[in-house]
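Below are the chains, spelled out letter by letter.
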Amino acid sequence: MDTRIRRLGTFDLDIVEANPIVFKGKLYLMEYVRNRNDDDTWECGDQSYFQFLDMSDMKTVSAPFGHGLHMGCAFVKDDHIVVTCVEGWGKGRFYQLESDDMVTWTEPRVILENPAWEGYNTSVCEADGRYVMVFELGAPLDIVKEPFTMFFAESKDLKNWKLIEGALFGQDIYTGAPMLRYHNGFFYFFHLEGSYEEGFVTIVARSKGLRNWEWGKRPVMERSRDDREILPRAAQKFNQEQLMKIASAVNINVSDLDMIDFNGKLRMCYSWGNQRGVEFLSLAEADCTEEQFCESFFN
């Protein structure tokens with residue numbers, strides 16, 4: 001077992017939220033593609049969508065779906081894909097879409113809502129016969145206090161969700177980019193910490209009841225010069241201008257880590273860049289299981 005992260009290289013530009021899944025025995029990556037403005041900046045808009053890539057060659061294998069929805073995260077159970085997402089950056093409704101084939105998708109269905117909420121990212125895990133979702137809020141300030149704060153909901157059927165009263169994380173600190181996992185009685189919550197002055201890193205905390213948290217003994221992932229390396233199987237997709245952008249970009253951040261076990265390795269994706277819109281997507285891996293990786297930060 002080796003829980004050290006091995007960075008494999010950058011394979012996409014202007015993508016932040018993405019997560020790997022195993023579906024019908026193959027490894028895929030779901031990307032959230034943002035709305036592009038005329039000045040080549042990115043924002044929350046009605047042209048945004050989701051898509052899947054085959055991680056063997058990093059080529060797109062699905063038609064765009066979830067048009068106008070944002071910050072999607074995919075979860076698979078028994079070859080059934082569930083995507084949780086938000087109506088828009090800072091909006092009060094969270095939605096769910098479902099598919100058995102990556103082609104036909106259910107109509108987006110509201111699963112959680114509150115007009116006072118300012119919602120962002122989600123992440124789902126399975127935990128002892130139930131499903132638990134973390135969702136990120138930037139307001140209202142009477143419950144968020146220090147944006148962003150994470151709240152939790154649970155479901156017994158992966159369809160109907162109920163808020164877990166009293167379960168939260170990060171009221172008194174900056175936190176973002178959530179990833180939730182569960183192993184051996186513990187929830188492991190991976191998230192972003194830092195500032196634009198000091199830079200951002202990914203760290204982890206764990207809890208048995210989603211109320212009292214224990215911090216990991218070291219950072220999970222920090223920025224590195226290796227982030228700029230190009231993933232060999234994706235090299236042909238970049239033109240010279242894009243390669244120069246990767247080589248010269250400001251890098252103060254490693255965020256939006258996500259991961260899954262596949263063929264004896266822990267497969268990971270993460271975003272790096274300036275945390276202000278100039279951002280890139282990279283792959284990494286470790287020679288261990290997800291369970292071993294999570295527990296290693298507390299040994």
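Preceding block: the structure.
Residues numbered from 1 in each chain as written. Predicted model: local features only at pLDDT ≥ 70, side-chain atom pairs only at ≥ 80, totals over all residues. Heavy atoms only, no water.

(A) Looking closely at the sheet that holds strand β11 (residues 109–113). The strand order β8-β9-β10-β11 describes an open sheet built from 4 strands, whose pairing is antiparallel. Strands with a single pairing partner mark the edges of an open sheet, and in this sheet they are β8 (70–77) and β11. Strand-to-strand twist in this sheet, taken as the mean axis angle between neighbours without regard to direction, amounts to 25°. Summarising the sheet, strand β9 (residues 80–86) and strand β10 (residues 93–99) pair through 6 bridges and their orientation is antiparallel. Of the residues in β10, the one forming a bridge with V82 is E98. (Pairing = 2+ DSSP bridges. Helix = DSSP H or I, 4+ residues; strand = E, 2+ residues; numbered from the N terminus. Axes fitted to C-alpha atoms, helices over the stretch in contact; angles between N-to-C directions.)

(B) Inspection of the pattern of salt bridges at higher detail. Here the structure, examined in full by the defined rule, presents 20 salt bridges. The salt bridge partner of E98 is R109, with a shortest N-O separation of 3.6 Å. Taken together, the residues span a long stretch of sequence, with E98 in strand β10 and R109 in strand β11 at a distance of 11 residues. The exposure class of E98 is buried, given its relative accessible area of 6%. E154 is paired through a salt bridge with R130; the nearest N and O atoms lie 2.5 Å apart. Here the residue E154 occupies a position in strand β14 (residues 149–155), and R130 occupies one in strand β13 (residues 130–137), the gap between them amounting to 24 residues. Take R130: its relative accessible area is 27%, and that puts it in the partly exposed class. Because the salt bridges share partners, they merge into one network encompassing R6, K265, R267, E285 and D287. (Salt bridge = Lys/Arg side-chain N within 4 Å of Asp/Glu carboxyl O. Buried < 20%, exposed > 50% of the residue type's maximum accessible area, 1.4 Å probe, protein only.)

(C) Region of interest: the nonpolar core. Among the nonpolar cores identified, the biggest contains 36 residues, and F52, I81 and W161 are the most heavily contacted of them. Ignoring sequence-local partners within four residues, the contact set of I81 consists of I21, F23, F52, A74, F75, V76, L97, E98, S99, M102 and W105. Residues Y188, V204, I246 and F298 belong to the second largest nonpolar core, which totals 26 residues. (Core = buried A, V, L, I, M, F, W, Y, C linked by side-chain atoms within 4.5 Å. Contact = heavy atoms within 4.5 Å.)

(D) Highlighting unusual backbone geometry. Of the consecutive residues A139 and P140, the connecting peptide bond is found in the cis state with omega at 10°. By secondary structure assignment, the location of P140 is in the loop between β13 and α1 (141–144). Phi at D14 is positive, roughly 65°, even though this residue is not glycine. Located in the positive-phi region is D128, a residue other than glycine, with phi close to 50°.

(E) How the structure looks around a negative patch on the surface. The grouping of D78, D79, D100 and D101 at the surface amounts to a negative patch. A relative accessible area of 36% places D79 in the partly exposed class. (Patch = residues over 30% accessible without salt bridge, like charges linked within 9 Å, V, L, I, M, F, W, Y side chains within 5 Å. Areas by Shrake-Rupley, 256 points an atom, 1.4 Å probe, with all protein chains shown as cover. Lys, Arg positive; Asp, Glu negative; His and termini not counted. Charge placed at Lys NZ, Arg CZ, Asp CG, Glu CD.)

(F) Spatial organisation of the packing of aromatic side chains. Enumeration over the complete set of coordinates arrives at 28 aromatic pairs. Ring geometry for W272 and F280: centres 4.4 Å apart, planes at 25°, overall stacked. Assessed through its relative accessible area of 0%, F280 is described here as buried. Taken together, the ring pairs connect Y32, F50, F52, F65 and W105 into an aromatic cluster. Its guanidinium or amino end placed over the ring of F186, R206 lies 4.0 Å from that ring's centre, counting from NZ or CZ. The ring of Y196 has R276 lying over it, and the distance from NZ or CZ to the ring centre is 3.8 Å. (Phe/Tyr/Trp six-rings, centres within 6.5 Å; stacked < 30°, edge-to-face > 60°. Lys NZ or Arg CZ within 6 Å of the ring centre and 35° of its normal.)

Nothing here speaks to function; it is all geometry.
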